[in-house]
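# Per-entry structural report
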Amino acid sequence: MELADSEAAGRARTKVGGQELELVREVGELLKLATDDKLLLYTYALYGGDEKSDVKNSIYRRRIDLAISLLQKGAVSFTLAARLAGLSPFELMEELKKRGVKPFVAEREDLDVINYR
């Protein structure tokens, strides 16, 4: 079974470009680092969903904590963490300072968003 999976993965790699392959790697890293609640936050915050549920409400009540945890693990960029938290990048920066969260690795677009304010 593993050989068949490996062959299928090899065929898939030849059919997708570099950007798609990088996206698959990033999603794989997120899946390794995230708990169910963090994955639910990612899904709800990015793809929405109109349903009202206790689960969704529970996730949204903890969204800042969950987003900061993903940021600290390096699973999401600063800009994405702000979006998941429901905050502007500047508000997230203030929240991190308030919590005493140590500096993290920021990407160029993260800094551009913060400096824009």
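What this report covers is the structure whose coordinates are included nearby. (Residues numbered from 1 in each chain as written. Predicted model: local features only at pLDDT ≥ 70, side-chain atom pairs only at ≥ 80, totals over all residues. Heavy atoms only, no water.)

## Focus on the overall build of the protein chain
Test applied: The helix and strand labels rest on DSSP assignments: H or I over at least four residues marks a helix, E over at least two residues marks a strand, and numbering proceeds from the N terminus. Should any heavy atoms of two residues lie within 4.5 Å, those residues are considered in contact. The protein chains shown are the only cover counted for residues, whose accessible areas, like all others here, come from Shrake-Rupley with a 1.4 Å probe.
What the protein chain contains, in helices and strands, is 8 helices and 0 strands. The linear arrangement of helices and strands in the protein chain, starting from the amino end, is α-α-α-α-α-α-α-α. Sequence-distant contacts, at least 24 apart, represent 48% of the contacts inside the protein chain between residues at least 6 apart. Of the roughly 8,300 Å² of accessible surface on the protein chain, a fraction of 54% belongs to carbon and sulfur atoms.

## Quick word on the packing of aromatic side chains
Let me state the cut-off plainly: Between 30 and 60 degrees the pair is tilted, below 30 it is stacked and above 60 it is edge-to-face, where a pair is any two Phe, Tyr or Trp rings, Trp via its six-membered ring, whose centres lie within 6.5 Å. Note on exposure labels: buried denotes an accessible area under 20% of the residue type's maximum, exposed denotes more than 50%, and partly exposed covers the range between, all computed with a 1.4 Å probe on protein chains only.
Tallying each qualifying case throughout the model produces 1 aromatic pair. Relative to Tyr 60, the ring of Tyr 44 has its centre 6.4 Å away and its plane inclined at 70 degrees; by these criteria the two rings are edge-to-face. One end of the pair, Tyr 44, is in helix H3 (residues 36-47); the other, Tyr 60, is in helix H4 (residues 54-61), and 16 residues separate them in sequence. The exposure class assigned to Tyr 44 is buried, which follows from its relative accessible area of 12%.

## Observations concerning the side chain of Glu 95
Counting through the fold element by element, Glu 95 comes out in helix H7 (residues 89-99). Taking relative accessible area as the criterion, Glu 95 reaches 14% and is therefore assigned buried. Beyond its immediate stretch of four places on either side in the chain, Glu 95 contacts Ile 64 and Ile 68.

## Describing the side chain of Arg 63
The following threshold applies: Two residue types count as positive, namely Lys and Arg, and two as negative, namely Asp and Glu; His and chain ends fall outside the count. Salt bridge, as used here: a side-chain nitrogen of Lys or Arg that lies within 4 Å of a carboxyl oxygen of Asp or Glu.
Mapped onto the fold, Arg 63 is located in helix H5 (residues 63-73). As a buried residue without a salt bridge, Arg 63 has its nearest oppositely charged side chain in Glu 91, at a separation of 10 Å.

## Structural notes on the packing of H5 against H7
Here is the rule we go by: Helix axes are fitted to C-alpha atoms over the stretch in contact, other axes to C-alpha atoms as well, and angles between N-to-C directions run from 0 to 180 degrees. The scheme is simple: roughly parallel for angles under 35 degrees, roughly antiparallel for over 145, roughly perpendicular for 65 to 115, oblique for anything else. Three categories are distinguished: nonpolar for Ala, Val, Leu, Ile, Met, Phe, Trp, Tyr, Cys and Pro, charged for Asp, Glu, Lys and Arg, and polar for the others, with Gly belonging to the last.
Direction vectors running N to C along H5 and H7 enclose 85 degrees, while the axes themselves pass 12 Å from each other. As far as their axial angle goes, H7 and H5 are roughly perpendicular. Side by side, H5 and H7 meet where Ile 64, Asp 65, Ile 68 and Leu 71 of the first sit next to Leu 92, Glu 95, Leu 96 and Arg 99 of the second. A class-by-class count of the residues in the contact of H5 with H7 yields 5 nonpolar, no polar and 3 charged.

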